[in-house]
Amino acid sequence: MSRKYRQWVKEYQDQAWTVARYILKDAQEAEDATQEAFVKLWNHQDSIDPNRVKSWLMKVTRNGCLDRLRRRRDNVEFDESYMAGEASGPMQGAAASETAAWLKRAISGLKEPYRSLVVLRDVNQHSYEEVAGMLELNLAQVKTYLHRARKQLREQLAEVRP
Amino acid sequence: MKEYDDKWEDQINALLDGELSADDADLLKAKASDDRALARAIVKAYQLQRVMDQVNVERAPHSLTKRLKAIPREHRSAPVFSLFQPRWAMALAAIPLVVIAVSLMRPDTPSASEIAQARHEMAIAFAYLDKAAAITGREIESTVGNTMANAVTGSVNKVIQSENLTSKEKEV
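Remember, predicted model here, so these are calculated numbers, not experimental data.

Further remarks concern the nonpolar core. All names here are of chain A. Formed by 53 residues in total, the largest nonpolar core has its most connected members in Ala16, Val19, Ala20, Leu57 and Leu117. Here this core gets ten residues from one element, more than from any other, and that element is helix α1 (residues 3-24). Dropping the residues within four chain positions of it, leucine 57 is found in contact with Tyr12, Ala16, Ala37 and Leu41.

What follows deals with the confidence of the model for chain B. All names here are of chain B. Model confidence for chain B is summarised by a mean pLDDT of 75, while 65% of its residues fall at 70 or above. For chain B, the element scoring lowest by mean pLDDT is helix α7 (residues 146-171), at 58; helix α4 (residues 62-74) scores highest, at 93. Reported for the predicted complex are a pTM of 0.63 and an ipTM of 0.81.

Below, the discussion takes up the environment of A:Glu29. All names here are of chain A. Relative to the helices and strands, glutamate 29 resides in helix α2 (residues 27-43). Looking at glutamate 29, the number of C-beta atoms within 10 Å reads 17, which means it is partly exposed. It is 8.5 Å that separates the C-alpha atoms of glutamate 29 and arginine 68, two residues lying 39 residues apart in sequence. Setting aside residues no more than four positions away along its own chain, glutamate 29 makes contact with Leu24 and Arg68.

As a further point, take the packing of helix α3 (residues 53-72) of chain A against helix α7 (residues 128-135) of chain A. All names here are of chain A. The contact between α3 and α7 brings their axes to 8 Å, and the two run at 45°. If you check the angle between α3 and α7, you find them oblique. In this structure, α3 crosses over α7, and the sense of that crossing is right-handed. Residue-level contacts link Ser55, Met58, Lys59 and Arg62 of α3 to Glu130, Gly133 and Met134 of α7. Taken together, the residues of the contact of α3 with α7 sort by class into two nonpolar, two polar and three charged.

Thresholds, definitions, all that
- Residues numbered from 1 in each chain as written.
- Chains lettered and ligands numbered in written order.
- Predicted model: local features only at pLDDT ≥ 70, side-chain atom pairs only at ≥ 80, totals over all residues.
- Core = buried A, V, L, I, M, F, W, Y, C linked by C-beta atoms within 7 Å.
- Buried ≥ 20, exposed ≤ 12 C-beta atoms within 10 Å, placed from the backbone.
- Helix = DSSP H or I, 4+ residues; strand = E, 2+ residues; numbered from the N terminus.
- Contact = placed C-beta atoms within 7 Å.
- pLDDT = per-residue confidence, 0-100.
- Axes fitted to C-alpha atoms, helices over the stretch in contact; angles between N-to-C directions.
- Parallel < 35°, antiparallel > 145°, perpendicular 65-115°, else oblique.
- Left-handed = near helix turned anticlockwise from the far one by under 90°.
- Nonpolar A, V, L, I, M, F, W, Y, C, P; charged D, E, K, R; others polar.

Encoded structure:
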C-alpha cells in the first residue's frame, strides 16, 4: 500500500466520515460514501495537488453524499431515529450531553449548504479558506451562509433553552 | 421583542471566531447594553459555541478503516499508456517480423505482364548479343578466316540463347 495513501487515511478518515454521517444520517450509507471518496482519491492521487488533498477529499465526500441523497428521493431531511441510537451516532463522544445531542439533530436538520458549512467549519474545524475551497464558494459567501446557519441554530437553541 | 440589526450578525460571529478587534468588541458590548435583542443574541451565541465545543469529529468505525486500507489492493489504478511498457515494446518489435512474414507469404509466380516484359527485355538483350557476335565474327574472319569464325560465334550464341530461354520458360 502506498505510504502516502495510508497517511491520508489516517489523517482524514474521521473528518470524511463525520461529513458523510451528518449528511446521510445512516451509518452504512455513510461508510459506503466515505469509501467511494477514498477510492476516487486512490485513483486520482497522482493528479491531486498534495497540499489540497484534504479539501479535495471533503468536497468529493460531500458531493457523493448529496448525490446519494438525491438518489434516495425519500427527501427525509431529518430522521428522528438517527439520534435514538446515540451510542452509534456521530455524537458518541458527547453522549452524556442532552444539549449536544440536540445540537447534532439540529445540525443534521439544516438545509444545504448550511449543514455542510457548520459540519466543516464548526465540527471539523476547517478554516474558512478551506471550507470555501471545499464548497466552491467565495470567502464572503461562506461567512454569510455560516452566519445564517448559526443564527438558525441559536434560534432553535433559544426555543429548547429559553 | 424587537429584532437587533442584522449588521451586528457579522460582529457576533467574528467575536465567536476570535477575529473581532478589541475596539470592535468594545463597540459591540456598548451597543448590546442598549439593545436587549442584541445582548440576548450574543448570550445565545456563546451558549451555542459551548455546546458546539462538545461536538467533536466522529471517529471512523473500525469496519470503515478496514475498507479504506483495502482499497489499494482492490482498486489498482488504471495502467497509463506508455511506449516503454513491455507490451508496447513487444508490439513494436513484432511489426518488422509481421512485414517479413507477409512478404514471404506472397506468391513468387510472376504475372503475365511481368513475363511479357521479361521476354521483351531478353529479346533486346539477344539482339545486342547477335550484333556483338556478328562484329566479333567479322573481326575473327579478318584474322583467322571465315570457317573458324562460324565455328566459334555460332555455337556460343546458340548455347547462351537456348539456356536463357529454357530457364525463363521453366520459371513461368
